[in-house]
Amino acid sequence: MDLRVSPVLALILRVSAVLVLTLGAPAALCSSEDYILNDKDGLGREFDGVGGLSGGGATSRLLVNYAEPYRSQILDYLFKPNFGASLHILKVEIGGDAQTTDGTEPSHMHYENDENYFRGYEWWLMKEAKKRNPDITLIGLPWAFPGWVGHGKNWPYDFPDITATYVVNWIIGAKQYHDLDIQYVGIWNERNYDSKYIKLLRYTLDKSGLEGVRIIASDNLWEPISLTLLLDPELSTAVDVIGAHYPGTTTVLDALKTQKKLWSSEDYSSFNDEVGGGCWARILNQNYVNGLMTATISWNLVASYYEKLPFGRDGLMTAEEPWSGNYVVESPIWITAHTTQFTQPGWTYLQTVGHLEHGGSYVALTDGKGNLTVVIETMTHDHSVCVRPPLLPFNVTSQNATFQLKGSFAFIKELHVWRSQFDFKTKKPSFFEKLAPVKIIDGSFTLNLAEDEVYTLTTLTTGQKGVYPAPPPSARFPKVYKDDFNVRNPAFSEAPDFADQTGVFEYFMNLTDPGPHVFTLRQVLTQRPVTWATDADQTVSVIGDYQWQNLTVSCDVFMETVKTGGVFVAARVDKGGQSIRSAKGVFFWVFADGTYKVTNDLAGQTVLAEGKSGTLAFGWHTLTLTVEGQFASGLLNGYPLWKNAVVLMPQNGWAAVGTRSFELAQFDNFNVVAE
């Protein structure tokens with residue numbers, strides 16, 4: 001049982017109910033506990049919505065590569081009102097050219113004198129969300145920054161005017177180029193927040209005519225920002241929302257004292273099986289019951305990245321196979337619908353919310369116009385564990401619950417009912433099932449609540465469990481794959497299915513080359529970004545099937561750095577995301593000083609072969625790497641350069657391309673043939 005309930009909430013929670021959850025005996029089903037739903041003595045806090053997070057990082061990378069109609073179907077399940085998750089909020093990463101969990105997202109300003117508001121896919125995603133729900137709330141948050149922002153330091157706040165201008169430019173660009181109004185911007189860093197920067201950001205927003213854009217701080221931890229807000233009136237004026245990541249459904253007293261909106265601005269982060277769905281059901285209710293948080297945002301929105309990257313399948317649904325068209329509508333989609341389809345931002349929580357006597361919780365919200373929505377969850381401990389933070393023990397047992405409608409709700413005669421049953425015993429769950437309406441007799445109704453259930457009871461009649469024909473079956477990445485990057489006007493800056501893990505690889509038109517390499521893929525960063533994650537010292541983009549063992553990878557390469565430049569093709573790359581620095585595999589490098597090297601790791605420490613290659617910068621070369629069993633060999637421009645290098649580990653992994661450092665380099669005619 002999570003007993004970390006704030007003292008402020010003690011007035012609205014029955015202490016006996018909390019104790020029974022841990023200590024009480026199972027309820028006899030012939031008896032019933034009473035709960036009152038009443039607005040007579042006022043209401044609770046205003047509801048701000050339920051959302052999903054794209055980014056932090058590159059979590060929607062593969063979504064853009066889906067063909068129609070499957071891509072639109074996925075988007076409908078996420079955003080279309082009264083269809084699926086029907087999300088109220090979309091939070092996106094303001095790309096910073098850095099690894100921020102599962103990949104890098106490109107910045108709108110790679111360099112100080114560079115601005116491009118069409119890079120990446122977050123613009124597209126926000127427009128698609130807005131197309132389906134014009135009222136959706138849009139939030140931007142930078143997890144990292146291009147290297148120039150830090151002026152050589154791995155810290156973005158030594159020059160707060162530069163950082164503020166960089167962020168405000170993104171907000172202005174969203175409106176100018178995409179007609180997107182960003183309503184909130186977050187301030188986050190793994191180490192701390194910066195009060196001076198927050199104040200300067202508020203000033204810069206206001207000076208730019210963006211007074212309506214509100215600030216979330218620290219978009220990480222409750223403290224020390226909450227205490228600082230109480231002590232610094234100017235900072236308090238600048239901050240609108242205190243956001244916490246993975247708060248465990250609790251807040252702190254200082255945060256409550258500020259009277260600011262409290263949000264779980266990043267939460268969930270759990271594998272999206274039924275236990276993950278149970279985690280999501282529990283925290284959606286208890287973030288308010290225990291912590292008075294009025295918005296909860298899931299990391300991540302959709303698991304649309306290679307599953308063997310960190311936190312695989314930690315999204316509300318799964319869409320990781322654009323090559324097959326397969327996607328999976330997971331249980332968290334329908335758990336979300338229990339709240340989102342029957343509430344809207346601007347509704348208000350009742351004060352009469354809390355824990356059920358024998359485990360679980362209930363919340364109630366109203367639009368102030370006579371409508372009422374009640375959401376009940378009875379998730380047991382082992383079936384609702386989130387990946388973080390640790391969950392203290394508690395008990396849930398079957399129970400009868402009688403709800404009495406008072407105040408303006410006393411005249412309600414029936415409520416529409418939607419139910420999800422996880423049914424872990426039979427493993428035959430049912431999600432978001434519409435039941436017969438419940439009749440209100442003498443102002444009350446009784447429910448028999450089993451373990452691991454979610455109920456919505458509502459006056460609204462608009463709910464719908466949307467459905468599309470089954471998508472194509474799951475399939476592995478094609479064994480034969482090639483891309484010549486000959487795209488004159490690409491819809492997205494990234495080539496399909498490539499997942500950048502350090503560096504940024506973009507479509508490029510090489511106007512100086514009249515030959516066959518006019519359109520290429522180019523690594524464009526020349527400076528290490530400002531980042532909290534462990535970006536590699538090399539740049540690397542992975543692609544393909546993680547289970548690939550025996551394969552041939554070939555690619556034309558073009559170094560743009562004299563003498564110190566270097567590029568590679570690779571196979572069996574076994575790590576990505578936050579672990580990219582320690583990635584192993586088979587890496588075939590050539591360098592601009594006329595040498596080559598074969599290494600068993602991205603860092604280049606374990607050398608399998610090396611020698612002279614004759615390769616120089618500003619000339620095209622074709623690298624071909626073949627790995628079969630425990631042996632690898634390489635061709636340069638079609639001729640053998642080395643052979644029979646012994647490769648004991650790893651036994652499988654992705655294909656990849658990359659560079660020796662943060663340097664300009666081009667790639668063309670990428671080709672994989674796997675067994």
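Let me begin by describing the structure that accompanies this report. Just so we're clear, the structure is a prediction, and the values are computed from it rather than from any experiment.

A few words on the sheet that holds strand E1 (residues 33-37). Remark on secondary structure: sheet strands pair via backbone hydrogen bonds, oriented parallel or antiparallel. Spatially, the three strands line up as an open sheet ordered E1-E17-E20, and their pairing is mixed. Either end of the sheet is taken by a strand with one partner, and the two such strands are E1 and strand E20 (444-449). Here the average twist between neighbouring strands, direction ignored, is 25°. Here six bridges tie strand E17 (residues 399-405) to E20, and the two strands are oriented antiparallel to one another. When the sheet's bridge partners are listed, Asn-400 is paired in E20 with Asn-448.

On to the sheet that holds strand E7 (residues 214-220). A barrel is described by the order of its strands in space; here eight strands give the closed sequence E3-E4-E5-E6-E7-E8-E9-E10, paired in parallel fashion. Averaged over all neighbouring strand pairs, the angle between strand axes comes to 25°, with direction disregarded. Here strand E6 (residues 184-186) pairs with E7 via three bridges, running parallel. Counted as the bridge partner of Tyr-184 is Arg-214 from E7. Sheet strands in contact with helix H5 (residues 195-207) are E6 and E7, and its direction is about 155° off that of E7. Against the sheet, helix H9 (residues 274-289) touches strand E3 (49-54), strand E9 (261-268) and strand E10 (295-299), its axis set at about 175° to E9.

A cluster of nonpolar residues, Phe-631, Val-646, Leu-648 and Met-649, forms a patch on the protein surface that exposes about 400 Å² of accessible area. With respect to the helices and strands, the residue Phe-631 is situated in strand E33 (residues 631-636).

Relative orientation of the contacting elements helix H4 (residues 160-178) and H5 amounts to 45°, with a least axis distance of 9 Å. The orientation of H4 relative to H5 falls into the category oblique. Crossing angle aside, the handedness with which H4 passes H5 is right-handed. Where H4 abuts H5, its residues Pro-160, Asp-161, Thr-163, Ala-164, Val-167, Val-168 and Ile-171 lie against Lys-196, Tyr-197, Leu-200, Leu-201, Thr-204 and Leu-205.

It is worth spelling out the environment of Lys-413 at this point. As for its position among the elements, Lys-413 is in the loop between E17 and strand E18 (414-421). In the structure, Lys-413 is positioned 173 residues away from Asp-240 in sequence and 39 Å away in space, judged by C-alpha atoms. When neighbours within four sequence positions are excluded, Lys-413 is seen to be in contact with Val-438, Lys-439 and Ile-440.

Calculation criteria
Residues numbered from 1 in each chain as written. Predicted model: local features only at pLDDT ≥ 70, side-chain atom pairs only at ≥ 80, totals over all residues. Heavy atoms only, no water. Pairing = 2+ DSSP bridges. Helix = DSSP H or I, 4+ residues; strand = E, 2+ residues; numbered from the N terminus. Axes fitted to C-alpha atoms, helices over the stretch in contact; angles between N-to-C directions. Contact = heavy atoms within 4.5 Å. Patch = residues over 30% accessible without salt bridge, like charges linked within 9 Å, V, L, I, M, F, W, Y side chains within 5 Å. Areas by Shrake-Rupley, 256 points an atom, 1.4 Å probe, with all protein chains shown as cover. Salt bridge = Lys/Arg side-chain N within 4 Å of Asp/Glu carboxyl O. Parallel < 35°, antiparallel > 145°, perpendicular 65-115°, else oblique. Left-handed = near helix turned anticlockwise from the far one by under 90°.

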